[in-house]
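# An overview of the molecular structure
One letter stands for each residue in the lines below.
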Amino acid sequence: MNLTQALESRRLASAKKIPKHKYAGMQASTFELQKAQLAAQAFKTGKTIPSFELPNVHGDKISSEDLLKCGPLVISFYRGGWCPYYNMELRALQSVLDQIKAAGAQLVAIYPETPDHSLSTYEKNKLSFQVLSDIDNRYARQLGLVFQLPRNLREVYRSFHIDVTRHNGNTNYELPMPATYVVAESGKVIFDFVSEDYTYRLEPKEVGTTLQNHLPVA
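Below or above, wherever it landed, is the structure these notes cover.

About the cut-offs
Residues numbered from 1 in each chain as written. Predicted model: local features only at pLDDT ≥ 70, side-chain atom pairs only at ≥ 80, totals over all residues. Heavy atoms only, no water. Core = buried A, V, L, I, M, F, W, Y, C linked by side-chain atoms within 4.5 Å. Buried < 20%, exposed > 50% of the residue type's maximum accessible area, 1.4 Å probe, protein only. Helix = DSSP H or I, 4+ residues; strand = E, 2+ residues; numbered from the N terminus. Contact = heavy atoms within 4.5 Å. Pairing = 2+ DSSP bridges. Salt bridge = Lys/Arg side-chain N within 4 Å of Asp/Glu carboxyl O. Axes fitted to C-alpha atoms, helices over the stretch in contact; angles between N-to-C directions. 1 Å grid on protein atoms, 1.4 Å probe; cavity = no way out; pocket = protein on both sides within 12 Å on 5 of 7 lines; lining within 4 Å. Points joined across faces, edges and corners; volume = space filled by probe spheres on them. Nonpolar A, V, L, I, M, F, W, Y, C, P; charged D, E, K, R; others polar.

## Some thoughts on the nonpolar core
Ranked by size, the top nonpolar core spans 70 residues in total, and within it Phe52, Ile75, Phe77, Phe129, Leu145 and Tyr181 carry the most contacts. Sorting elements by how many residues they give to this core places helix α4 (residues 84–95) first, with six residues. Here Tyr181 is in contact with Ala42, Phe43, Leu73, Val74, Ile75, Phe77, Leu143, Leu145, Val189, Phe191, Asp192 and Val194, once residues within four sequence places are set aside.

## What about the pairing of strand β3 (residues 73–77)?
Here β3 lies mainly inside the structure; five of its five residues are buried. Direction of pairing for β3 relative to strand β4 (residues 106–111): parallel, over a ladder of five bridges. Paired with Ser76 across the bridge in β4 is Ala109. As paired elements, β3 and strand β8 (residues 179–183) share five bridges and run antiparallel to each other. The residue bridging Ile75 from the neighbouring strand is Tyr181, located in β8.

## Structural notes on the pattern of salt bridges
Within the structure shown, the criterion is met by seven salt bridges. Note that Glu174 is salt-bridged to Arg141, the shortest N-O span being 2.7 Å. Pair noted here: Glu174 is in strand β7 (residues 174–176) and Arg141 is in helix α7 (residues 138–142), with a separation of 33 residues, a long-range link. A residue is classified by how much of its surface remains accessible, and Arg141, at 40% relative accessible area, is partly exposed.

## A look at the sheet that holds β8
Reading across the sheet, the five strands line up as β5-β4-β3-β8-β9 and stay open at both edges, with mixed pairing between neighbours. Where the open sheet ends on each side, the last strands, each with one partner, are β5 (130–133) and β9 (189–194). Strand-to-strand, the axes of this sheet are offset by a mean angle of 15 degrees, without reference to chain direction. Across the face of the sheet, α4 comes into contact with β3, β4 and β8 while running at roughly 165 degrees to β3.

## As for empty space enclosed by the protein
With the rule as written, the count across this model stands at one cavity of 30 Å³ or more. For the largest cavity, the calculated volume is near 90 Å³. Contributing to the lining of the largest cavity are Ser29, Thr30, Leu33, Arg79, Phe147, Leu149, Pro150, Leu153, Met177, Pro178, Glu196 and Tyr198. Per-element accounting of the lining of the largest cavity gives the leading share, three residues, to helix α2 (residues 20–35). For the lining of the largest cavity, the per-class residue count stands at eight nonpolar, two polar and two charged.

## Re the layout of surface pockets
Size it by volume and the largest pocket reaches roughly 390 Å³. Lining the largest pocket are 15 residues, and of these Arg10, Ser14, Ile18, Pro84 and Phe160 sit closest to its centre. Those elements that provide at least two residues to the lining of the largest pocket are α1 (3–17), α2 and α4. Looking at the lining of the largest pocket residue by residue, the classes come out as 11 nonpolar, one polar and three charged. Lining of the second largest pocket is provided by Arg11, Tyr23, Met26, Gln27, Thr30, Tyr85, Asp197, Tyr198, Thr199 and Tyr200. A per-class count over the lining of the second largest pocket returns five nonpolar, three polar and two charged.

Given below as structure tokens:
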């Protein structure tokens, strides 16, 4: 089962398990984001990413400039370790990490939680790539990925025992949309995927295909 199929299975299970009024509210919130066409306003292929320097799970600062000196870069943005859909994507990315490295590229995941929560996600999913903490979504905001969680959805998440404020260390309820960028050594984006719907993710094999097409001809 690939990631797309696994996510669909999860969506169907959630629709049956979550109380109807809560599930309807979650779907309505996603529809509002889609209606606002937020994904269309986000950073796109052909643009050069702004540089970043963010802490990893051990508190070490990781910079995009240093990463790009070593080759292409794959960047995955997600909402938090509390999101089951993104944990599925993290594990799927881990499964193709060797393919990404074989193309001379590196993979990083960026999310707005504090480093101690990043460490929990890192260990839980047995990851061996960098997970970076983007406090207050400062970097995600530069790429046009940030939205504010609607009030009704905050209550729904709290009923699921998800405390976004505790995870993010602030009270603004801002989250990034799911996004994946493949960035060339020059810093230019050569592939982008952005979705207003948090239940959809890029199939990891598309990352591998993009990187393979980017490899110089021997």
